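Fold and contact review
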Amino acid sequence: MLLQLLLALQQFVSQLKRQLASLWLVTLPQHLCGFRLLVGQPRVASSRASYQRHGQLPRHRLVMDYIFECFFNDTFEHITRNGLQDRQSRRDVLDHLSAIVKGCADGQNVATDEAASIAVTAALRFHRLAKQSNGNVCLMGKYHNILYIALRTCWDWGVRDSEVVVQLLVSIFECEKTFERIFLGALFGPHAPHFIAGWRSDFRDQNENVRAMVYFLKHATREQLTLPVWIPRFEQERQLRFIDVPIESCGRSSPLRIALQANAPELLLILLRYGAAPQPPDGGTSVIIALLDKLIENGRNYSCELVLCLQILMRNVPMIEMPFKPMVYGTRREMFFERYGRLLMDKIVGKEQVYGVPTLRHLCRCRIRDVLREHNQLPNGIDTLRLPKRLQRYIDLTEELDGTQLLPPEKPVQRPTNAMQRLETISSGTESEDESDNHVQLLEAVTDAEKAAVAAFVATAGEGVNMGEAKQAAIEAYAAAQDVNPPSDQTHPPLS
């Protein structure tokens, strides 16, 4: 069996060399002029006219494009309609295609990702011409599975041309109206899609599925890809981002909603970091309320995964919007506490997250993320903000900040006018080693008077006196260091 495969491969390579030779000697010059010469292959011949529009392309790109086109036409001619239905058949074609990509890259002295990009373009053209021959309706079978061969080629060779990758995603969406073959493997592993949708993932394991999902998310975000999706609940079509497109085989739910239903906090964090809407636009109910309902199902035996999902989700919304509209606020508050009061008492949900006052820090994070999401700048746009690294990680959901220790020690944000105001801006926290290098440009330097005030405050507090006397001693030390008259007790009474 192995010998037969080797012989078949040798025959294929020989045939490819003959076609390449004819290309150089006869076909290429006429193709550059827009002629159609492949009489026996009318579908390929119709695509030759596109070279007239691409006359400015380098010759080596035209050569590689023709080689890949010959490969797809010759290969698919010998494959039955359902010949690419199973994963192993697609991998066999991928192995042959990868060998040609490597050979073209070496022979034409170009990067492998560029050669792979040309191969993907040829596959897209093959699929498009097959649709045109059928009244712009996808023939499915092998004519559609060529898109997933191109999808795996993009991932294997790390194609960096975002325009080509997005064209591939758009072609898949036009035929399927979903991206479940990209998301389901990452959400449930490589074997689950076979039981859910009847096909097997082209990636080896869940880790590779997740990395592939992030790869396509990056390219879709870079090109600001939005797609028209029909939302039955609203009875209208809306433009959704790639990451929010519902999955057909999972009740038309968005990937984020499915990650919550699967109790997968790590996937939820990835989706939110890359711009998934905290309230999915798929027409479903509030994901936060659904999560609270799941938490109270087993009394006070809370699932760790569900609690983590709630904590991650709450980093993206200012507050929990109480249900039971359009009742008045007082009635809604009583009904909310009656149903979810145990979560408040057990501190699974903070009181300020429901009917309290969120911190300004949290509100700023939510607003910054909303603006970046609207402009397709998550998460890469966070690095461009002139903020310390720790605050960047806070906005990127990868680190939480406790208390008020947000600034380097003894460094006020602004310079108040009197001693009392300056003293209250001094932080007693310790600076982290990985603080941003640009914090010198963002924060003012600490003066000698402030250092004297901190030293006096620490020394006095250590002698067992009350806090008010310690603060008064710090104020006097600050004033003495600046060579000014210390304020009297009548002007600035000790703070309790």
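Note that the coordinates shown come from a computational prediction; the quantities given were computed from them, not determined experimentally.

A few words on the overall build of the protein chain. A tally of helices and strands in the protein chain yields 22 helices and two strands. Per-residue burial for the protein chain yields a buried fraction of 47% across its 496 residues. Taking all contacts inside the protein chain whose residues are at least 6 apart in sequence as the whole, residues at least 24 apart take part in 64%. Accessible surface, the protein chain as shown: approximately 25,800 Å² in total, 52% of it carbon and sulfur.

It is worth spelling out helix α8 (residues 162-176) at this point. Given a rise of 1.5 Å per residue, 15 residues ought to cover 21 Å, and the 21 Å separating the end C-alpha atoms of α8 matches this to within 8%. Buried within α8 we find S162, V164, V165, V166, L168, L169, S171, I172, F173 and E176. Between the side-chain oxygen of the N-cap and the backbone nitrogen of E163 there are 3.2 Å, and the N-cap of α8 in question is D161. Phi turns positive one or two residues past the end of α8, at K177, with a value near 60°.

A few words on the nonpolar core. Of all hydrophobic cores here, the largest spans 108 residues; its most connected members are F68, F72, F179, F183, F216, F242 and L292. Broken down by element, the residue count for this core peaks at ten residues, all from helix α6 (residues 112-132). Leave out the neighbours within four places in its chain, and F179 touches L169, I172, F173, L227, F242 and V245. Of all hydrophobic cores here, the second largest spans six residues; its members include L372, L378, I382 and I395.

Moving on: a nonpolar patch on the surface. A cluster of nonpolar residues, F188, F195 and I196, forms a patch on the protein surface that exposes about 320 Å² of accessible area. Structurally, F188 can be placed in helix α9 (residues 180-188). On the basis of relative accessible area, F188 is assigned to the partly exposed category, the value being 33%.

Once that is clear, we can look at the UniProt feature "domain: SOCS box" (unreviewed entry) in the protein chain. The UniProt feature table records "domain: SOCS box" (unreviewed entry) at residues 357-396. Between the end C-alpha atoms of residues 357-396 the distance is 22 Å, and the span holds 55% helix and 0% strand.

This part is about the confidence of the model for the protein chain. Predicted confidence across the protein chain gives a mean pLDDT of 79, with 72% of residues reaching 70 or more. Scored below 50 in pLDDT, residues 21-55 makes 47 contacts in the model with residues more than four places away or belonging to other chains. For residues 404-446, every residue scores under 50 in pLDDT, and the model assigns this stretch 74 contacts once sequence neighbours within four places are set aside.

A few words on the packing of α8 against helix α11 (residues 206-222). Two elements in contact, α8 and α11, have axes separated by 9 Å at closest approach and are oriented at 105°. As judged from the angle between their axes, α8 and α11 are roughly perpendicular. On α11, the residues that touch S162, V165, V166 and L169 of α8 are Y215, F216, H219, A220 and R222. Partitioning the contact of α8 with α11 into residue classes produces six nonpolar, two polar and one charged.

Here we take up the state of the cysteines. Evaluated as defined, the whole model comprises zero disulfides. In this model C138 remains outside any disulfide bridge; the closest cysteine sulfur is found in C175, 3.7 Å from its own.

So, on to the environment of N380. With respect to the helices and strands, the residue N380 is situated in the loop between α17 (360-374) and α18 (389-395). By relative accessible area, which is 53% here, N380 ends up exposed. Placed 16 residues apart in sequence, N380 and D396 show a C-alpha to C-alpha distance of 9.3 Å.

Another aspect to go through is the packing of helix α13 (residues 265-273) against helix α15 (residues 304-314). When two helices pack together, you describe them by how their axes are tilted relative to each other and by the distance separating the axes. Taken N-terminus to C-terminus, the directions of α13 and α15 make an angle of 15°; their axes are 9 Å apart at the nearest point. Judged by the inter-axis angle, α13 sits roughly parallel to α15. Here the hand of the crossing between α13 and α15 comes out right-handed. When α13 is examined against α15, the residues P265, L268, L269 and L272 are found in contact with a partner set consisting of E305, L308, C309, I312 and L313. For the contact of α13 with α15, the class distribution of residues is eight nonpolar, no polar and one charged.

Criteria and thresholds
- Residues numbered from 1 in each chain as written.
- Predicted model: local features only at pLDDT ≥ 70, side-chain atom pairs only at ≥ 80, totals over all residues.
- Heavy atoms only, no water.
- Helix = DSSP H or I, 4+ residues; strand = E, 2+ residues; numbered from the N terminus.
- Buried < 20%, exposed > 50% of the residue type's maximum accessible area, 1.4 Å probe, protein only.
- Contact = heavy atoms within 4.5 Å.
- Areas by Shrake-Rupley, 256 points an atom, 1.4 Å probe, with all protein chains shown as cover.
- Expected span 1.5 Å × (residues − 1).
- Polar contact = N/O pair within 3.5 Å; in protein donor to acceptor, adjacent residues only side chain to side chain.
- Core = buried A, V, L, I, M, F, W, Y, C linked by side-chain atoms within 4.5 Å.
- Patch = residues over 30% accessible without salt bridge, like charges linked within 9 Å, V, L, I, M, F, W, Y side chains within 5 Å.
- Salt bridge = Lys/Arg side-chain N within 4 Å of Asp/Glu carboxyl O.
- UniProt positions renumbered as here; feature names shortened; annotations may be inferred.
- pLDDT = per-residue confidence, 0-100.
- Axes fitted to C-alpha atoms, helices over the stretch in contact; angles between N-to-C directions.
- Parallel < 35°, antiparallel > 145°, perpendicular 65-115°, else oblique.
- Nonpolar A, V, L, I, M, F, W, Y, C, P; charged D, E, K, R; others polar.
- Disulfide = S-S within 2.5 Å.
- Left-handed = near helix turned anticlockwise from the far one by under 90°.

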